[in-house]
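The lines below spell out each chain.
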Amino acid sequence: MGYPHKPHAKETALLSKHFGDPDARTYKGWAKRGGYEAWKQAQTMAPAAITDVVKESGLRGRGGAGFPTGLKWSFMPKEKKKPHYLCVNADESEPGTFKDREIMRWTPHALLEGTLIAMRAIQAEVGYIYIRGEFTEPYAIMEQALAEATKAGVLGGHKIHLHRGAGAYICGEETAMMNSIEGKRGNPRIKPPFPAAFGVFGMPTTINNVETLAAVPHILRQGAAWYKAMSLSNPKSTGTKLFSVCGHVRLPGNYEVTMGFPLKDLLHELCGGMRPGRTLKACIPGGSSVPILNREESEGCLLDYEGCVEKGTMLGSGGVIVFDDSADMVYQIMRLARFYAHESCAQCTQCREGTAWTTKILERILAGQGKMADLDLLLDLSDNMTGKTICVLSDSCAAPVVSGIKKFRTEFEDYIAGRKQPVMVA
Amino acid sequence: MSAVETQEYAPVFTGKTLERLQEILTRYPTKQAALLPALWLVQGERGWISDRNMVEVGEVLGLTPAYVKGVVTFYTMYHQHPVGANFVQVCTTSPCNICGAEDVVKALLAHTGAKELGATSPDGQWTVIEVECLGACGFATPVLVNDDFVESVTPERVPELVRKYK
């Protein structure tokens, strides 16, 4: 449902059904709502059978990459020779995204249940839920839920621990997260080796996003075919997805819709449209790391993995950032570049230097001291930042810059040519 | 030694805090993995993490002081200097920015008397900093006051918020 707003008839509330209901947070309340039934069912199934159901459902990773979840689980060694681990990615830090926060705040047991099922599927005895340091409230709620579930004896022989981050966006990258759990700086690792072979503590590991795991109990209880049938456009994108909508809409919040739902309807109907007297200018549909769409592209975009690619962007994490005609795109793109410059782990030259210089050049333009050649320089810089580093943070900085210059070039030129008053001091 | 220095040199991992660390150590196959939680314990006890504390953490976990410092400096939430009694983090990344986050920052600096980002108010009560995305973009502007996550802060709501912590 459109938390914190009333549910909308066009939503399909699966994960968000109990958002806003404090009773669902408790073990008792959750059990009353059918909680842990799927976990009971999973305990009667062979690990490979659980993986097969998830594979068949078409569930794909909700953290951003969209990798098929069942396939990821199947990469874990079948014959167990070493301890296996599950890491739950609750480091939600992608600008525009705030769905995992809501899952943990309202339905902590849904996450625990999905985590337990995944642990059985990959034969892991220990799971770490990595929660970003700033999420003080979700952490406390998860801690309480974990204590209740442990007391109720639902964990069986499994152990789940919460691990608190300490302010580093990059720790949402799976290999950086594993380093952070190990007590290291959150530097991403070179792949291969992949986590399923050499993960946290050097052991076979799977990393899944909160929303992905929260969907798993539903799939187990209602079947792969039922889940797979939820698809409005491309059959490769199945199920429901939580979209966190923020920025210039009347009703920002989390909305859960079936894959393939039109972005236009999400913005203009579910979110109540733009503020009075304003029109849509741009939209970033999948968190700040994906290319920006202009109005026309946004209004023709279908929200699934393929629909977003068709418009030259990505579904990402489903963090929808909306800009109306009052937004200064140059300033906002600078803010995004500054974010990446701040969050770069600084291992790779292209990223460490590239994100910093991209920010400096954008600041120079905003201070009225830019040159027309700066736009080509930014594009050249972005090209050198794409596909050349250990992780994709550098690419993520380039995406809004390249798409922004391409789609809103005149706004940059206005600052450079002195047609617009500088908004920054050099 | 001043009172502040005496506290700085007193060990953190004794009594209950040591017990908590020992429980944390059971969660991981290595001692090193308890580093982030151990640093949180130090900051919880002392409000910040001094060089002396880093040495102690290193001793407890079998790590060198330089290694511990390397980790502390990577994560922005660990304070390497004392901060105000109330530590305020305001999100100013793009989604909050377009909803007026920079005006919230201005109002906070004015009403707390901190005046300048990162500086502590003369009465030692307030430090205000801008942070990147707090992960609550639909509730612009989110502000973290110590461990309290406050949603939908506007410049108009700032005086009331500041009063609450005075």
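The structure presented is a predicted model; accordingly, all values stated were derived computationally and were not measured. The residue count restarts for each chain, going from 1 along the sequence in the order it is written. Numbering of ligands from 1 and lettering of chains from A proceed in the order in which they are written. With the structure being a predicted model, the display of local features is reserved for residues of pLDDT at least 70 and the display and counting of side-chain atom pairs for 80 or more, all residues being used for whole-chain, interface and lining totals. Side-chain numbers come from the whole structure's heavy atoms, not from hydrogens or water.

Quick look at the overall build of chain A now. We count a stretch as a helix when DSSP gives it H or I for four or more residues in a row; a strand needs E for two or more, and each element gets its number in order from the N terminus. Along its length, chain A carries 18 helices and eleven strands. Taken over C-alpha atoms, the radius of gyration comes to 22 Å for chain A, in line with the 22 Å a tight globule of 426 residues would show. Overall, the C-alpha framework of chain A stretches about 70 × 45 × 35 Å when taken along its three principal axes. Relative accessibility under 20% of the residue-type maximum defines a buried residue, over 50% an exposed one, and the middle range a partly exposed one, all with a 1.4 Å probe and only protein chains included. Relative to its full complement of 426 residues, chain A shows a buried share of 62%. Of the contacts formed within chain A by residues at least 6 apart in sequence, a portion of 71% connects residues at least 24 apart. Within these notes, the globule rule equals 2.2 Å times the number of residues to the 0.38 power, and the radius of gyration is based on C-alpha atoms. Any pair of residues with heavy atoms lying within 4.5 Å of one another is described as a contacting pair.

Glancing now at the domain arrangement of chain B. The domain boundaries here were taken from an automatic or database domain assignment. Looking at the assigned domains, one finds that chain B contains domain 1 (3-74) and domain 2 (86-165). On a C-alpha basis, the centres of domain 1 of chain B and domain 2 of chain B stand 29 Å from each other.

Taken together, the contacts link 56 residues of chain A with 40 residues of chain B. Of the roughly 3,800 Å² buried between chain A and chain B, counting both surfaces, carbon and sulfur atoms make up 58%. By convention in these notes, a salt bridge is any Lys or Arg side-chain nitrogen within 4 Å of a carboxyl oxygen on Asp or Glu. In this structure, the connection of chain A to chain B is made through five salt bridges. The residue Arg-335 of chain A makes a salt bridge to Glu-132 of chain B at a minimum N-O spacing of 4.0 Å. What qualifies as a polar contact is a pair of N or O atoms within 3.5 Å, subject to a donor-acceptor requirement within protein and to the restriction that residues adjacent in sequence count only when both atoms come from side chains. The interface formed by chain A and chain B contains 23 residue pairs in polar contact (both at pLDDT 80 or more). By convention, the term buried area covers the 1.4 Å-probe accessible surface removed from two parts as they join, with the contributions of both added.

Let us look at the domain arrangement of chain A. All names here are of chain A. The assigned domain composition of chain A is domain 1 (22-228), domain 2 (240-324) and domain 3 (329-416). One C-alpha centre belongs to domain 1, the other to domain 3; they are set 34 Å apart. On the domain 3 side, the residues contacting the twelve residues of domain 1 number eight residues. On the surface where domain 1 and domain 3 come into contact, there are zero salt bridges. Basically, the charged four are Asp, Glu, Lys and Arg, the nonpolar ten are Ala, Val, Leu, Ile, Met, Phe, Trp, Tyr, Cys and Pro, and anything else, Gly included, counts as polar. Each residue belonging to the side of domain 1 that touches domain 3 can be placed in one class, and the counts come to six nonpolar, three polar and three charged.

The way to describe two aromatic rings as a pair is by their centre distance and the angle between their planes. All names here are of chain A. Here the aromatic set is Phe, Tyr and Trp, taking the six-membered ring for Trp, and pairing holds for ring centres within 6.5 Å; pairs whose planes are under 30 degrees apart are stacked, those over 60 apart are edge-to-face, and all others are tilted. In the structure shown here, the tally under the stated rule is 16 aromatic pairs over all chains. With a centroid separation of 4.8 Å and an interplanar angle of 70 degrees, the aromatic rings of Tyr-169 and Phe-339 are classed as edge-to-face. Highlighted residues: Tyr-169 in the loop between strand 3 (159-164) and helix 8 (174-181) and Phe-339 in helix 14 (residues 329-343), separated in sequence by 170 residues. With a relative accessible area of 1%, Phe-339 lands in the buried category. Between Trp-226 and Tyr-227 the ring centres are 6.1 Å apart and the planes differ by 55 degrees, which places this aromatic pair in the tilted class. On the basis of relative accessibility, which here comes to 1%, the residue Tyr-227 falls in the buried class.

Turning next to the pairing of strand 2 (residues 126-131) of chain A. Residue and element names in this part refer to chain A. Within strand 2, six of the six residues are buried, which leaves the element mostly enclosed by the surrounding structure. What you see with strand 2 is no split at all: Val-126, Tyr-128 and Tyr-130 on one side and Gly-127, Ile-129 and Ile-131 on the other are buried throughout. Here six bridges tie strand 1 (residues 85-90) to strand 2, and the two strands are oriented parallel to one another. Paired with Asn-89 across the bridge in strand 2 is Tyr-130. As defined by bridge partners, strand 2 adjoins strand 3 across six bridges and the pair is classed as parallel. When the sheet's bridge partners are listed, Ile-131 is paired in strand 3 with Arg-164. Strand pairing is assigned whenever DSSP identifies at least 2 bridges connecting the two strands.

A few words now on the packing of helix 2 (residues 15-25) of chain B against helix 3 (residues 35-46) of chain B. Residues and elements named next belong to chain B. Their axes nearest at 10 Å, the elements helix 2 and helix 3 cross at an angle of 160 degrees. With respect to each other, helix 2 and helix 3 are oriented roughly antiparallel. The two elements helix 2 and helix 3 cross, and the hand of that crossing is right-handed. Counted together, Thr-17, Arg-20, Leu-21 and Ile-24 of helix 2 and Pro-37, Ala-38, Leu-41 and Glu-45 of helix 3 form the full contact between these two elements. Fitted lines through C-alpha atoms serve as axes, helices being fitted only where they are in contact, and the angles separating the N-to-C directions of these axes extend from 0 to 180 degrees. Orientation labels follow simple angle bins: below 35 degrees gives roughly parallel, above 145 gives roughly antiparallel, 65 to 115 gives roughly perpendicular, and whatever is left gives oblique. By convention the crossing between two helices is left-handed if the near helix lies anticlockwise of the far one by an angle smaller than a right angle, and right-handed if it lies clockwise.

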